[in-house]
Amino acid sequence: MKNKLIIPLIFTLFAIGAVSVYAIPPPCSQEDLLNSSDYAVEGTVIKIECGKPYDSEECRPAEEGSAGFMPEMVSKCTATVKVDKNIKGKYGPGDLAPVPFLKVVEDCKNGSHIIPGSPKADIRENTQVRYYDSGLCRYSNLETLTPSAPEPE
(Lines give C-alpha, C1' and ligand atoms only; values in the text may rest on other atoms or scores of the structure.)
Protein backbone atom coordinates (compact mmCIF):
# COMPACT_ATOMS: atom_id res chain seq x y z
CA MET A 1 0.00 0.00 0.00
CA LYS A 2 2.83 2.39 0.86
CA ASN A 3 4.44 1.91 -2.58
CA LYS A 4 1.17 2.86 -4.28
CA LEU A 5 1.26 6.22 -2.50
CA ILE A 6 5.01 6.89 -2.59
CA ILE A 7 5.57 6.40 -6.31
CA PRO A 8 2.92 8.95 -7.43
CA LEU A 9 4.20 11.34 -4.74
CA ILE A 10 7.75 11.06 -6.11
CA PHE A 11 6.54 11.71 -9.67
CA THR A 12 4.52 14.72 -8.47
CA LEU A 13 7.49 16.22 -6.63
CA PHE A 14 9.71 15.62 -9.66
CA ALA A 15 7.19 17.34 -11.95
CA ILE A 16 6.91 20.33 -9.63
CA GLY A 17 10.69 20.62 -9.49
CA ALA A 18 10.98 20.39 -13.29
CA VAL A 19 8.40 23.16 -13.78
CA SER A 20 10.14 25.50 -11.33
CA VAL A 21 13.41 25.20 -13.27
CA TYR A 22 11.78 26.97 -16.21
CA ALA A 23 10.35 29.88 -14.23
CA ILE A 24 11.77 33.35 -14.89
CA PRO A 25 13.79 34.35 -11.84
CA PRO A 26 12.67 37.41 -9.88
CA PRO A 27 14.51 40.65 -10.71
CA CYS A 28 17.87 40.95 -8.99
CA SER A 29 18.38 43.52 -6.27
CA GLN A 30 20.69 46.49 -6.84
CA GLU A 31 23.24 44.78 -4.60
CA ASP A 32 23.06 41.53 -6.61
CA LEU A 33 23.45 43.44 -9.87
CA LEU A 34 26.52 45.28 -8.61
CA ASN A 35 28.15 42.23 -7.01
CA SER A 36 27.74 40.07 -10.12
CA SER A 37 28.95 42.71 -12.61
CA ASP A 38 32.41 43.67 -13.85
CA TYR A 39 31.05 47.02 -14.97
CA ALA A 40 27.83 49.01 -14.88
CA VAL A 41 27.02 52.21 -16.77
CA GLU A 42 24.30 54.66 -17.70
CA GLY A 43 24.47 56.39 -21.04
CA THR A 44 23.13 57.02 -24.52
CA VAL A 45 23.18 54.47 -27.33
CA ILE A 46 25.15 55.92 -30.25
CA LYS A 47 25.50 52.81 -32.47
CA ILE A 48 24.04 49.32 -32.83
CA GLU A 49 25.56 46.36 -34.66
CA CYS A 50 23.76 43.06 -35.10
CA GLY A 51 24.75 39.65 -36.40
CA LYS A 52 22.81 37.47 -38.80
CA PRO A 53 19.33 36.42 -37.63
CA TYR A 54 18.92 32.84 -36.45
CA ASP A 55 16.18 30.64 -35.01
CA SER A 56 15.97 31.18 -31.25
CA GLU A 57 14.58 27.64 -30.91
CA GLU A 58 12.18 29.08 -28.32
CA CYS A 59 9.06 28.80 -30.46
CA ARG A 60 7.39 25.52 -31.38
CA PRO A 61 4.53 24.83 -33.79
CA ALA A 62 1.15 24.91 -32.04
CA GLU A 63 0.44 21.55 -33.69
CA GLU A 64 2.69 19.11 -35.55
CA GLY A 65 2.79 20.04 -39.23
CA SER A 66 1.17 23.39 -38.45
CA ALA A 67 0.67 25.27 -41.74
CA GLY A 68 2.28 28.68 -41.84
CA PHE A 69 4.49 28.12 -38.79
CA MET A 70 7.41 30.52 -38.68
CA PRO A 71 10.00 30.30 -35.87
CA GLU A 72 11.11 33.28 -33.82
CA MET A 73 14.19 34.81 -35.44
CA VAL A 74 16.64 36.69 -33.22
CA SER A 75 19.97 38.42 -33.68
CA LYS A 76 22.86 38.94 -31.28
CA CYS A 77 23.46 42.68 -31.11
CA THR A 78 25.83 45.07 -29.38
CA ALA A 79 24.90 48.65 -28.60
CA THR A 80 27.73 51.12 -28.20
CA VAL A 81 26.85 53.38 -25.29
CA LYS A 82 28.45 56.75 -24.62
CA VAL A 83 28.78 56.68 -20.85
CA ASP A 84 27.17 59.50 -18.86
CA LYS A 85 27.55 57.85 -15.46
CA ASN A 86 29.89 55.14 -14.17
CA ILE A 87 28.12 52.92 -11.67
CA LYS A 88 30.93 50.36 -11.41
CA GLY A 89 34.06 49.39 -13.31
CA LYS A 90 36.39 50.79 -15.92
CA TYR A 91 34.13 52.95 -18.11
CA GLY A 92 34.00 56.62 -17.15
CA PRO A 93 31.92 59.52 -18.48
CA GLY A 94 32.61 60.03 -22.18
CA ASP A 95 33.93 56.46 -22.70
CA LEU A 96 32.24 54.02 -25.08
CA ALA A 97 30.95 50.83 -23.44
CA PRO A 98 29.60 47.70 -25.14
CA VAL A 99 26.09 46.58 -24.22
CA PRO A 100 25.23 43.15 -25.67
CA PHE A 101 21.58 42.19 -26.13
CA LEU A 102 19.36 39.81 -28.06
CA LYS A 103 16.87 41.39 -30.49
CA VAL A 104 13.77 39.79 -32.01
CA VAL A 105 13.99 40.16 -35.79
CA GLU A 106 10.85 38.18 -36.63
CA ASP A 107 8.14 37.12 -34.20
CA CYS A 108 6.95 33.54 -33.84
CA LYS A 109 3.92 32.88 -36.07
CA ASN A 110 1.39 30.07 -35.61
CA GLY A 111 3.34 28.67 -32.70
CA SER A 112 3.84 28.94 -28.99
CA HIS A 113 6.82 30.17 -27.02
CA ILE A 114 8.89 28.17 -24.61
CA ILE A 115 8.81 29.87 -21.24
CA PRO A 116 10.90 31.63 -20.03
CA GLY A 117 13.12 31.91 -23.10
CA SER A 118 16.10 34.22 -23.33
CA PRO A 119 15.78 37.86 -22.32
CA LYS A 120 15.35 40.10 -25.37
CA ALA A 121 15.45 43.86 -25.90
CA ASP A 122 14.64 46.35 -28.65
CA ILE A 123 17.15 49.14 -28.22
CA ARG A 124 17.65 51.92 -30.76
CA GLU A 125 20.09 54.77 -31.20
CA ASN A 126 19.60 57.83 -28.94
CA THR A 127 18.01 55.70 -26.23
CA GLN A 128 19.28 56.14 -22.69
CA VAL A 129 20.02 52.87 -20.91
CA ARG A 130 21.37 51.49 -17.65
CA TYR A 131 23.39 48.31 -18.07
CA TYR A 132 25.02 45.90 -15.63
CA ASP A 133 27.50 43.39 -17.10
CA SER A 134 25.90 40.54 -15.15
CA GLY A 135 25.23 37.09 -16.56
CA LEU A 136 23.73 35.97 -13.26
CA CYS A 137 21.11 38.73 -13.44
CA ARG A 138 20.58 38.67 -17.20
CA TYR A 139 16.80 39.07 -16.86
CA SER A 140 17.20 42.43 -15.11
CA ASN A 141 20.62 43.74 -16.20
CA LEU A 142 19.42 46.12 -18.95
CA GLU A 143 16.96 48.94 -18.39
CA THR A 144 15.72 51.53 -20.88
CA LEU A 145 15.60 54.93 -19.19
CA THR A 146 13.98 56.86 -22.03
CA PRO A 147 11.68 55.59 -24.78
CA SER A 148 13.40 54.55 -27.99
CA ALA A 149 13.41 57.21 -30.66
CA PRO A 150 11.28 56.16 -33.65
CA GLU A 151 13.23 55.10 -36.69
CA PRO A 152 12.82 57.38 -39.73
CA GLU A 153 10.72 55.87 -42.47
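Overview of the structure. Sequence positions are assigned chain by chain, starting from 1 and proceeding in written order. Only residues with pLDDT of 70 or above have their local features reported here, since the model is predicted, and side-chain atom pairs are shown and tallied only from 80 upward, although totals for entire chains, interfaces and linings are computed over all residues. In computing side-chain values, all of the structure's heavy atoms are included and hydrogens and water are not.

## Points about the overall build of the chain
- Secondary structure elements are taken from DSSP: a helix is a run of H or I of four residues or more, a strand is a run of E of two residues or more, and numbering for both begins at the N terminus. Assigned secondary structure in the chain consists of two helices and eight strands.
- Ordered by position in the sequence, the α and β elements of the chain form the string α-α-β-β-β-β-β-β-β-β.
- A simple rule labels every residue: compare its accessible area, found with a 1.4 Å probe on the protein chains alone, to the largest value its type can have, and call it buried under 20%, exposed over 50%, or partly exposed in between. Counting the 153 residues in the chain, one finds 24% classified as buried.
- The method behind every accessible area is Shrake-Rupley, applied with a 1.4 Å probe, and residues are considered shielded solely by the protein chains displayed. For the chain, the exposed area adds up to about 10,200 Å²; of that, 57% sits on carbon and sulfur atoms.

## What about unusual backbone geometry?
- Omega for the peptide link from I115 to P116 comes to 10°, which places this bond in the cis form.
- Among the structural elements, P116 can be located in the loop between β6 (111-113) and β7 (128-132).
- The phi angle at N110 is positive, at roughly 55°, despite the residue not being glycine.
- Position of N110 relative to the elements: it lies in the loop between β5 (96-106) and β6.
- Here the phi dihedral of N126 falls at roughly 70°; this positive angle occurs in a residue that is not glycine.

## Topic: the packing of aromatic side chains
- The pairing test for Phe, Tyr and Trp rings, Trp by its six-membered ring, is centres within 6.5 Å, and the orientation test on the planes gives stacked under 30 degrees, edge-to-face over 60, and tilted for anything in between. Within the structure shown, the criterion is met by two aromatic pairs.
- Geometrically, the ring pair formed by Y39 and Y91 is edge-to-face, given 4.8 Å between the ring centres and 70° between the ring planes. In this pair, Y39 is assigned in the loop between α2 (30-35) and β1 (40-50) and Y91 in the loop between β4 (73-88) and β5, connecting sequence segments 52 residues apart. There is no split in this pair, since Y39 and Y91 are both buried.
- Grouped by ring-pair contacts, the aromatic residues Y39, Y91 and Y131 constitute a single cluster.

## A look at the environment of S118
- Following the sequence through the fold, S118 ends up in the loop between β6 and β7.
- What makes S118 partly exposed here is its relative accessible area of 31%.
- Residues S118 and E58 lie 60 residues apart in sequence; the distance between their C-alpha atoms is 8.2 Å.
- Whether two residues are in contact is decided by their heavy atoms: any pair within 4.5 Å suffices. Contact partners of S118, with chain neighbours within four places excluded, come to E58, L102 and Y139.
- In this structure the side chain of S118 is engaged in a polar contact, spanning 2.8 Å, whose partner is the side chain of E58. Counting of polar contacts relies on pairs of N or O atoms within 3.5 Å, with two restrictions inside protein: one atom must be capable of donating a hydrogen and the other of accepting it, and residues adjacent in sequence are counted only when both atoms are side-chain atoms.

## Some details on the environment of P93
- Position of P93 among the secondary structure elements: in the loop between β4 and β5.
- Residue class for P93 comes out exposed when judged on its relative accessible area of 60%.
- Residues P93 and E42, spaced 51 residues apart in sequence, show a C-alpha to C-alpha distance of 9.1 Å.
- The contact partners of P93, leaving out residues within four places of it in the chain, are V83 and D84.

Spatial relationships are all this shows, so hold off on functional conclusions.
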